[in-house]
Amino acid sequence: MSAASCLLTEDQFLCSICLDVFTDPVSTPCGHNFCKACISEHWDRNVPSQCPNCKEVFNIKPELRVNTFISEMAAQFRQSAQEKTSSSSSEQHVVKPGEVPCDVCTGTRLKALKSCLVCLASYCETHLEPHLTMSGLKKHQLIDPEENLESRMCVKHDKLLELFCKTDQVCVCMLCSVSDHKTHDVVPLKEEYEGKKAELGKTEAEIQQMIQKRRLKIQEMNRSVELSKEGADREIADGVQVFTALKESVERSQAELIDTIKEKQRETEEQAEGFIKELEQEVSELKKRSSEVEQLSRSEDQLHLLQSFTSLNAAPPTKNWTEVRVRPPSYEGTVRRAVAQLEETLRKQMKKLLSEVELKRVQQYEVEVTLDPDTAHPKLILSDDGKQVKHGNVRKNLPKNPERFDTCVRVLAKQSFSSGRFYCEVQVKGKTEWTLGVVRESINRKGKIIPTPQKGYWLIVLRNRNQYKAYAGPAVLLSLKSQPEKVGVFVDHEEGLVSFYDVDAAALIYSFTGCCFKEKLYPFFGPCNNNDGKNSAPLIISPVNHTE
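Let me sum up the structure you'll find in this document. (Residues numbered from 1 in each chain as written. Predicted model: local features only at pLDDT ≥ 70, side-chain atom pairs only at ≥ 80, totals over all residues. Heavy atoms only, no water.)

1. Some words on the pattern of salt bridges
No. 1: Applying the stated rule across the entire model yields 24 salt bridges.
No. 2: Two residues, D44 and K61, come together in a salt bridge whose shortest N-O distance is 3.3 Å. Highlighted residues: D44 in helix α2 (residues 36-45) and K61 in the loop between β4 (57-58) and α3 (68-89), separated in sequence by 17 residues.
No. 3: Judged by its relative accessible area of 57%, D44 falls in the exposed class.
No. 4: Taking the shortest distance from any N to any O, the salt bridge between R298 and E294 comes out at 2.3 Å.
No. 5: A relative accessible area of 58% places R298 in the exposed class.
No. 6: Overlapping salt bridges bring together E235, D238, K360 and R361 as one network. (Salt bridge = Lys/Arg side-chain N within 4 Å of Asp/Glu carboxyl O. Helix = DSSP H or I, 4+ residues; strand = E, 2+ residues; numbered from the N terminus. Buried < 20%, exposed > 50% of the residue type's maximum accessible area, 1.4 Å probe, protein only.)

What follows is the structure, encoded as structure tokens:
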């Protein structure tokens, strides 16, 4: 029998219904073989009885008996296949510490692949085969290997825990459900399992969402640290620049003070040296005369003395040195005056340096700004790139849309801003009149305009070549040291600030403070009238020249 089975293939021992090795094989009148349970179940579901292979119909359900010959052949083939599988893979599946062993293996115990909740046993690959092939065992519930299967049994009734009491939140057996938990809300374990699994899925999703939020928060905090470091580095660099310049000014003032004092001392020394030289010259002349007088006075010859006396040289001219003094210069107040002058120099220089630092800082918030032709007054001419605007004298025939200015020759930017900070620069070189600033979205664009912050305008203007004003309601006349050729416009929503800068001079022109921005803000441009060509130069939105 064994030799014969070796000549047969596995396909010859497979049931065509379950596609597994025959279990209790039976033969139909047409000669085909099936598992007894498989063909019986097939005929129970299908009337009339029909062969699944050749489709022959049997009006009377045939009486089926197990074909002992085929059954023995199938059993021997199954055993041979299991032995072959066991011998080839036993080394690979020997149980290791921490793994669940097979409860059927004798000798070397193999690793269990599944545990059966009905049999309360764990099986290796070989001993699991009946649960995968036999119809009766196929209905058993298999789970991943579990070492302590007794924990799945009811301690009181020694029955499988297959129900769940929602009232007491415990697993129970069938007997528990009709005794201790009779009035409770009891459901099948699978139903509660699916419910709890759905809850776990929801909880997992919530946890993942919380993790994601926290990761985003970590990124946000890391970014804040990066921004803080960038700000700190920038502030340190600016501080070093300012203090280096101030230090150099102090050193220059110190050197100038020392030079001033030394110059006074040098002048005093030169004056004294001149006087001393002159005095020494007179002393020399006087000594010479003294020698002549002394020599004549020693003469005993009366005639000679009298004759020589008249020819004795006249006394050399001398200066009256009574009132001549070398007065040490007064140094009192020199240091005080130098410090006062230094203080004034430092104040001016500090103001200039801080303005440069402030301008450089706000320039970091440069934004792209282009002009919106839909808002432009009909007499304005806009460049194709939307960066320049000038007055064109001729009124164009344009659509009268609500956004367009119809009386004041003005135009808005396409871009609006409702938070954060933004900055742009506008060239005003060669113009005798202009208007610049920001406005809120809801401003009146028709007829006469009253440009005040209360009406939604934050503007500065140039009129009559050199008259600068801020429309602060009432207007504020601005005193500028030089005429700006390029104006920077900066807005800080959070601070409620609108500032204007003379870019080339790095000087603040004017700031609107304490502003309340409740709407979108638009950059505002007014090239003003042409004035017979005197004000024909355009306003030009310029890129920021970032300098270190």
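Alright, that's what it looks like, and here's the rest.
2. Some details on the sheet that holds strand β12 (residues 388-391)
No. 1: Strand order across the open sheet formed by seven strands is β11-β12-β23-β14-β19-β20-β21, with antiparallel pairing between neighbours. Only two strands of the sheet have a single neighbouring strand rather than two, namely β11 (380-382) and β21 (507-512). Averaged over all adjacent pairs, the angle separating strand axes in this sheet is 20°, with direction ignored.
No. 2: Against the sheet, helix α9 (residues 334-362) makes contact with β14 (421-427), β19 (486-492), β20 (497-502) and β21, and its axis sits at roughly 115° relative to β20, the strand it touches most. (Pairing = 2+ DSSP bridges. Axes fitted to C-alpha atoms, helices over the stretch in contact; angles between N-to-C directions. Contact = heavy atoms within 4.5 Å.)

3. Structural notes on unusual backbone geometry
No. 1: Cis geometry marks the peptide bond from G473 to P474; its omega dihedral reads 5°.
No. 2: Along the chain, the position of P474 falls in the loop between β17 (467-470) and β18 (476-478).
No. 3: Its identity is not glycine, yet D158 carries a phi of approximately 55°, on the positive side.
No. 4: Note on placement: D158 falls in the loop between β7 (142-143) and β8 (163-165).
No. 5: Overall, D158 belongs to the exposed group, its relative accessible area being 56%.

4. Here we look at the side chain of T28
No. 1: Along the chain, T28 falls in the loop between β1 (25-27) and β2 (33-35).
No. 2: For T28, a relative accessible area of 4% gives the class buried.
No. 3: The contacts of T28, once residues within four sequence positions are left out, are F34 and W43.

5. Remarks on the side chain of R463
No. 1: With respect to the secondary-structure elements, R463 resides in strand β16 (residues 457-463).
No. 2: Buried and unpaired, R463 has E433 as its nearest opposite-charge partner, separated by 4.9 Å. (Lys, Arg positive; Asp, Glu negative; His and termini not counted.)

6. Concerning the packing of aromatic side chains
No. 1: Summed over all chains, the structure comprises 10 aromatic pairs.
No. 2: Taken together, a centroid distance of 6.1 Å and an interplanar angle of 40° make the contact between Y365 and F490 tilted. Placement of Y365 in the loop between α9 and β11 and of F490 in strand β19 is noted, with a sequence separation of 125 residues between them.
No. 3: Overall, Y365 belongs to the partly exposed group, its relative accessible area being 29%.
No. 4: Three or more aromatic residues joined by ring pairs form one cluster here, namely F405, Y457 and F524.
No. 5: A cation sits over an aromatic face here: K319 above W321, 4.6 Å from the ring centre. (Phe/Tyr/Trp six-rings, centres within 6.5 Å; stacked < 30°, edge-to-face > 60°. Lys NZ or Arg CZ within 6 Å of the ring centre and 35° of its normal.)

7. So, the environment of E494
No. 1: Note that E494 resides in the loop between β19 and β20.
No. 2: Each C-alpha atom, one on E494 and one on L478, is 26 Å from the other, the two residues being 16 residues apart in sequence.
No. 3: Within the structure, the side chain of E494 is placed 3.5 Å from the backbone nitrogen of G420, a separation counted as a polar contact. (Polar contact = N/O pair within 3.5 Å; in protein donor to acceptor, adjacent residues only side chain to side chain.)

8. So, helix α8 (residues 302-311)
Helical geometry: 3.6 residues make up each α-helical turn, so side chains three or four residues apart lie on a common side.
No. 1: When you tally the buried positions in α8, you get one out of 10 residues, a small fraction of the element.
No. 2: In this structure D301 caps α8, since a side-chain oxygen of it lies 3.1 Å from the backbone nitrogen of L303.

9. So, α2
No. 1: Regarding α2, the residues found buried are C38, I39, H42 and W43. For α2, the angular spread of buried residues about the axis comes to 125°, placing them on one side. Opposite its buried face, α2 presents the exposed residues D44 and R45, each directed more than 90 degrees away.
No. 2: Contact partners of the buried residues in α2: β1, β2, β3 (49-50) and β4. (Arc of directions from axis to C-beta.)

10. Section: the environment of H391
No. 1: Along the polypeptide, H391 turns up in strand β12.
No. 2: Residues H391 and S536, 145 residues apart in the sequence, show an inter-C-alpha distance of 6.7 Å.
No. 3: H391 has contacts with K379, L380, V409, P527, C528, N529 and N530, leaving out every residue within four places of it along the chain.
No. 4: Reaching out from H391, the side chain makes a polar contact with the backbone nitrogen of N393 at a distance of 3.2 Å.
No. 5: Looking at H391, its side chain comes within polar contact range of the main-chain nitrogen of N530, at 3.5 Å.

11. Some remarks on the environment of Q169
No. 1: Structurally, the position occupied by Q169 is in the loop between β8 and β9 (170-172).
No. 2: Taking the C-alpha atoms as reference points, Q169 and P25, separated by 144 residues in sequence, lie 47 Å from one another.
No. 3: Apart from residues no more than four positions distant in its own chain, Q169 is found in contact with F164 and K196.
No. 4: From its side chain, Q169 meets the backbone oxygen of K166 in a polar contact 2.9 Å long.

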